[in-house]
Amino acid sequence: MPRKKDGMLVEFYPRPTTGEDGKPLLYVRPAMKMTWSIRYLDEWCNKYRGMSKGELTRALEVLLNVGTILMKDGARIETSLGTFGVKLKLDGDYSDPDKIKGRNISFAGIDFIPSKRFLQEMDDQITHGYRKYVDPAKKETLTEDKDRLALITRFVKRHGYITIRSFAYHSGIKYNTARKWLREHSEGESPQLKAVRDGHMLQYKLREKKEKKV
């Protein structure tokens with residue numbers, strides 16, 4: 001029977017609980033490790049959705065600013081993606097609300113509930129089902145610098161940059177090892193890579209020979 005060649009690539013990981021056969025029960029998640037930046041989304045919308053350059057970025061910046069202003073009193077905001085609200089936490093365990101002071105409460109993040117439309121749109125996009133991803137990196141761990149640089153060269157040529165997570169995944173090494181290696185090769189007298197920050201994400205690119213580290 002031929003192997004399925006379309007559909008979302010997925011991976012399986014063990015859960016803490018075991019099944020009747022004594023083996024760990026599994027959970028599934030997408031195998032895709034790529035994270036698309038807002039810059040890429042903006043360029044994509046400009047090319048395929050007729051939006052002007054920077055329009056999506058500006059709109060999201062305004063939403064971020066206006067949304068936080070409207071949410072600062074505890075209200076929620078509703079968008080086509082879903083609703084957003086403030087999450088709070090207590091600094092300890094309490095059973096009597098009269099004993100809780102304002103100083104015992106702190107901001108804990110953003111609560112997001114996806115809209116029915118968002119969920120339906122995503123479900124409609126997954127038209128070819130799912131298929132198991134066989135990771136070639138797990139068969140071989142890249143230990144030599146030349147092999148790792150060759151991997152980065154291929155990846156950057158295709159995607160424009162490589163992230164720590166992508167490098168770790170395709171090199172078959174741990175995340176912390178990948179982060180240390182990328183940092184070491186983007187610093188020093190003759191760095192081979194350069195790190196560019198895009199929001200919270202570090203993107204690594206090849207440094208041209210004539211390009212000196214500032």
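What counts as what
Residues numbered from 1 in each chain as written. Predicted model: local features only at pLDDT ≥ 70, side-chain atom pairs only at ≥ 80, totals over all residues. Heavy atoms only, no water. Helix = DSSP H or I, 4+ residues; strand = E, 2+ residues; numbered from the N terminus. Contact = heavy atoms within 4.5 Å. Areas by Shrake-Rupley, 256 points an atom, 1.4 Å probe, with all protein chains shown as cover. Lys, Arg positive; Asp, Glu negative; His and termini not counted. Charge placed at Lys NZ, Arg CZ, Asp CG, Glu CD. Buried < 20%, exposed > 50% of the residue type's maximum accessible area, 1.4 Å probe, protein only. Arc of directions from axis to C-beta. Phe/Tyr/Trp six-rings, centres within 6.5 Å; stacked < 30°, edge-to-face > 60°. Lys NZ or Arg CZ within 6 Å of the ring centre and 35° of its normal.

For the chain, the count of helices and strands is six helices and eight strands. Overall, the chain shows an N-to-C arrangement of helices and strands of β-β-α-α-β-β-β-α-β-α-α-α-β-β. Principal axes of the C-alpha set define a box for the chain whose edges measure 65 × 55 × 40 Å. In the chain, the proportion of contacts linking residues at least 24 apart, taken out of those at least 6 apart, comes to 42%. Split by element, the accessible area of the chain, about 16,700 Å² in all, is 54% carbon and sulfur. Taken together, the 43 basic and 29 acidic charged side chains of the chain have centroids lying 5 Å from each other.

A few words on helix α6 (residues 175-184). Within α6 the residues assigned to the buried category are A178, W181 and L182. When α6 is viewed along its axis, its buried side chains cluster within an angular range of 95° and face the same direction. Check the buried side of α6 and you find it contacts α4 (145-159), α5 (164-171), β7 (193-198) and β8 (201-206).

On to the packing of aromatic side chains. Applying the stated criterion to the full structure yields five aromatic pairs. Their ring planes at 20° and their centres at 4.4 Å tell us that W36 and Y40 sit as a pair that is stacked. Pairing F84 with F112 gives two aromatic rings, centres 4.8 Å apart and planes at 35°, and the pair type is tilted. With F84 in strand β4 (residues 82-90) and F112 in strand β5 (residues 105-114), the pair connects residues that are 28 residues apart, well separated along the chain. Lying over the aromatic face of Y13, R29 brings its terminal NZ or CZ to 4.1 Å of the ring centre.

Here we come to α5. For an α-helix, 3.6 residues make a turn, and residues three or four places apart therefore share a direction. For α5, a buried count of six out of eight residues is recorded, marking the element as mostly surrounded by other parts of the structure. Those residues of α5 that sit buried are I164, S166, F167, A168, Y169 and S171. Elements in contact with the buried residues of α5: β1 (8-18), α4, α6 and β8. Within two residues after α5, G172 carries a phi angle of roughly 75°, on the positive side.

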